[in-house]
Amino acid sequence: MPEAREMIYEGEAVSQGIAFGLVHVVARGFAAPEVYPVPEGQVPAERERFRRALDKTKEQLSALRNQIESISGEAEGRIFESHLMVLQDQALLNRVYDAIASRQQNAEFCFYAVMQTFLEAMRRVSDPYLRERATDVEDVAQRVLHNFAGSTFEEADEPDHRHILVAYDLTPSDTASLEPGHTLGFATERGSTVSHTAILARSLGIPAVIGLKNAVLNIRTLSPCIIDGYEGKLIVNPSPATRSHYERLSDEKSRFRTALDSIRESDTKTTDGREITLSANIEFEHELAQVPQSGAKGIGLFRTEFFMLEGGEFPDEARQAGLYRRVVEAVAPHQAIIRTLDVGGDKLPGEPLPEPEPNPFLGWRGIRYSLDRRDVFKDQLRALLRASAYGKVGIMFPLVSGLREIIEALDVLDQCREDLADKGIPFSDNVEVGAMIEVPSAAIMAAEISSRVDFMSIGTNDLIQYTVAVDRVNPRVSQLYKPAHPAVMRLIKNTIDSGKANGIWTGICGEMASDLILLPVLIGLGIDELSVSTPRLPLVKSAIRALNYEECRKLAEEAVGLPESRLIMQSCRRLAMKAYPELLL
Ligand code: PEP
Ligand code: MG
């Protein structure tokens, strides 16, 4: 039978794990509802039907927000605030009320027509974050349509057996409604790693893969399948050999997790005694408990964007100080390095702009935004200083492109210290201040920058994209996004060497820090700290403990002179394979 043939769909892994199960395909889309004429006298009743559908949707979304808040915390729950805001957009709703009267057609069709025009406009903007938000608006629109029909959204397509969901796209509320024990994993054709859907999948702990081509069209419900949330694959009708490979892998991964737990308290030292600080990258407050559990020595990067922007307006100084205090207390006696607001580019915009930026990645981002919006910047800096009275705080500035920004940012920080001192509010004199090195100009100027700060942390995600001029979220050019590009390696080397010459430490907080192939060259270049996501941390620790610093140093000396990333990868892989083959499975 044709469907018994093994088919491998490859995409992008956004949430780790392996799951076995039966496929359930959901082909739901934003389909046009039936259209029919409405006589003039019926217009008020038709408008009332629309109003009732809106009220019902608001109730459902509020319930969903409460449910998610209780599972994943306040920040995730707030994702549904933006959904609720769509239903409060009076200008948009008025267009629907007007359309019912002017078109004299049924309310659901008028609503559909208005929303389609709105969604088209959203999808055309150049800002990738706003484009991604079109999915949220579509999500709300689908719910309203379902509520006209009188059916509840959750009832649609829900199988009663445990399954792996395959869908064209999943909206955040689809994802939030999934029950982890019932939906064992999901795979979609659309989506991106920065979408809320991916973020929620990770926080629910469901393996997930996105970007699979033609999956909905070709895969049949009830086909047996395996989802590989490490490599980004969905294997439909797996052969006995594939199945046993994955059973082995899954067993190994869980044995491995248990074994890794045993090194949680051990030092992160190479076999010849060079110590590396391993710290955690986090984005949400609810992840704090995982920091000590993973064995991390504090936080190397706390991204504050989600907290700062998800409520629709910036939290005030006192609220920020409360969160930062909880963060430092959770990781005591270690340090929590908190990054000041990093908006723009692929991230959330700081505020609505009068017109979209032609090149958001080269636009009003990171420290540039903070230096222009001193009020916002000062609130955040004062809140960070206030938290320093309760534990070890590090402050880090994103997207620095040269010395002037550092000088200005330090100056604003001094003003904030004076403000607090004047008011008699306590703060520590020992706050480390660092620069993220993620723009090539900053890496080249590392000697000057490192003379002004206490540490540098290399943001390789951005450093790579700016060095090789490849948008980090554009799949069309992703094959050119090469972490081991010789130019990237030389910039990293220059940064680390400059830090050492000025007596400060240098870390990496981009994804490269948990790349087990490149780890030998990073150690060999003399990196002092690596900050990685908590699920990856035990793996990275285990790999460091298997490496020999002297060997890594020799490798790095050679590798940095190599002319192609392929060759650098080859020599790193050789050493990694020798030191920890079991981790590279
Ligand atoms: C980076 O650019 O490597 C980084 C850590 O910052 P972000 O991914 O938040 O841009
Ligand atoms: Mg960055």
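Because the structure is a prediction, the values reported are computed rather than measured.

Calculation rules
Residues numbered from 1 in each chain as written. Chains lettered and ligands numbered in written order. Predicted model: local features only at pLDDT ≥ 70, side-chain atom pairs only at ≥ 80, totals over all residues. Heavy atoms only, no water. pLDDT = per-residue confidence, 0-100. Contact = heavy atoms within 4.5 Å. Core = buried A, V, L, I, M, F, W, Y, C linked by side-chain atoms within 4.5 Å. Buried < 20%, exposed > 50% of the residue type's maximum accessible area, 1.4 Å probe, protein only. Helix = DSSP H or I, 4+ residues; strand = E, 2+ residues; numbered from the N terminus. Pairing = 2+ DSSP bridges. Axes fitted to C-alpha atoms, helices over the stretch in contact; angles between N-to-C directions. Phe/Tyr/Trp six-rings, centres within 6.5 Å; stacked < 30°, edge-to-face > 60°. Domains from an automatic or database assignment. Salt bridge = Lys/Arg side-chain N within 4 Å of Asp/Glu carboxyl O. Expected span 1.5 Å × (residues − 1). Donors = N, O, S within 2.8 Å, 3.2 Å for Na, K, Ca; no water.

## Regarding the confidence of the model for the chain
Part 1 of the argument: Looking at the chain, the pLDDT average stands at 88 and 91% of residues meet or exceed 70.
Part 2 of the argument: A low-confidence stretch, residues 151-156 (pLDDT under 50), is modelled with eleven contacts involving residues beyond four sequence positions or located in other chains.

## Quick word on the nonpolar core
For soluble globular proteins, nonpolar side chains are generally found buried alongside one another.
Part 1 of the argument: One finds Phe397, Leu519, Val521 and Leu530 to be the most contacted residues of the largest nonpolar core, which totals 98 residues.
Part 2 of the argument: Sorting elements by how many residues they give to this core places helix H15 (residues 374-387) first, with seven residues.
Part 3 of the argument: Discounting chain neighbours no more than four positions away, the residues touching Leu519 are Ala513, Leu530, Val540, Ala543, Ile544, Leu547 and Tyr580.

## Overview of the sheet that holds strand E1 (residues 7-10)
Strand pairing in a sheet relies on backbone hydrogen bonds, with the paired strands running either antiparallel or parallel.
Part 1 of the argument: Pairing is mixed across the open sheet formed by eight strands, whose spatial order is E1-E8-E7-E3-E4-E5-E6-E2. Edge positions in the open sheet fall to E1 and strand E2 (12-15), since each of these has one partner strand only. Each adjacent strand pair in this sheet contributes to an overall mean axis angle of 30°, direction not counted.
Part 2 of the argument: Relative to strand E4 (residues 163-167), strand E3 (residues 18-26) runs parallel, the two sharing five bridges. Bridged to Val23 within E4 is Ile164.
Part 3 of the argument: Those strands touched by helix H10 (residues 240-261) are E3, strand E7 (224-228) and strand E8 (233-236), and its axis lies near 125° from that of E3.

## Structural notes on the packing of aromatic side chains
Part 1 of the argument: Within the structure shown, the criterion is met by eight aromatic pairs.
Part 2 of the argument: Seen in terms of ring centroids, Phe50 and Phe111 are 5.6 Å apart; in terms of plane orientation they differ by 40°. Their pairing is tilted. With Phe50 in helix H1 (residues 43-72) and Phe111 in helix H5 (residues 107-124), this pair connects stretches of sequence that are 61 residues apart. The same class applies to Phe50 and to Phe111, which are both buried.
Part 3 of the argument: Ring geometry for Phe50 and Phe148: centres 6.2 Å apart, planes at 10°, overall stacked. Of this pair, Phe50 sits in helix H1 while Phe148 sits in helix H6 (residues 128-149), and the two are 98 residues apart along the sequence. Of the two residues, Phe50 and Phe148, neither departs from the other in class, the shared state being buried.

## Focus: the domain arrangement of the chain
Part 1 of the argument: Entries for the chain in the domain assignment read domain 1 (7-28 + 156-258), domain 2 (40-154) and domain 3 (263-584).
Part 2 of the argument: One C-alpha centre belongs to domain 1, the other to domain 3, and the line joining them spans 31 Å.

## Here's the deal with the pattern of salt bridges
Part 1 of the argument: For the structure shown, the criterion picks out 26 salt bridges.
Part 2 of the argument: The partner of Glu285 in a salt bridge is Arg326, and the shortest N-O contact between them spans 2.5 Å. Placement of the pair is Glu285 in the loop between strand E9 (277-282) and helix H11 (290-294) and Arg326 in helix H13 (residues 317-331), with a sequence separation of 41 residues.
Part 3 of the argument: Of the residues examined, Glu285 reaches a relative accessible area of 32% and is grouped as partly exposed.
Part 4 of the argument: A relative accessible area of 41% means that Arg326 is categorised as partly exposed.
Part 5 of the argument: The partner of Glu317 in a salt bridge is Arg386, with the nearest N and O atoms 2.8 Å apart. Residue Glu317 is located in helix H13, and its partner Arg386 is located in helix H15; the two are separated by 69 residues in the primary sequence.
Part 6 of the argument: A relative accessible area of 12% means that Glu317 is categorised as buried.
Part 7 of the argument: Each of Glu317, Asp379, Arg382, Arg386 and Asp419 takes part in a single network of salt bridges with overlapping partners.

## Remarks on H15
Part 1 of the argument: Counted at 1.5 Å a residue, the expected span for H15 with its 14 residues is 20 Å, and the 20 Å between its end C-alpha atoms agrees.
Part 2 of the argument: Restricting attention to buried positions, one finds in H15 the residues Val376, Phe377, Gln380, Leu381, Arg382, Ala383, Leu384, Leu385 and Ala387.

## Quick notes on the coordination of the magnesium ion (ligand 2)
Reference values for angles at a metal are 109.5 degrees in the four-donor tetrahedral case and 90 or 180 degrees in the six-donor octahedral case.
Part 1 of the argument: Each protein donor to the magnesium ion (ligand 2) is listed here as Glu438 (OE) and Asp462 (OD); together their distances run 2.1 Å. Here the residue Glu438 occupies a position in the loop between strand E13 (432-437) and helix H17 (440-444), and Asp462 occupies one in helix H19 (residues 460-468), the gap between them amounting to 24 residues. The exposure classification of Glu438 matches that of Asp462, with both residues buried.

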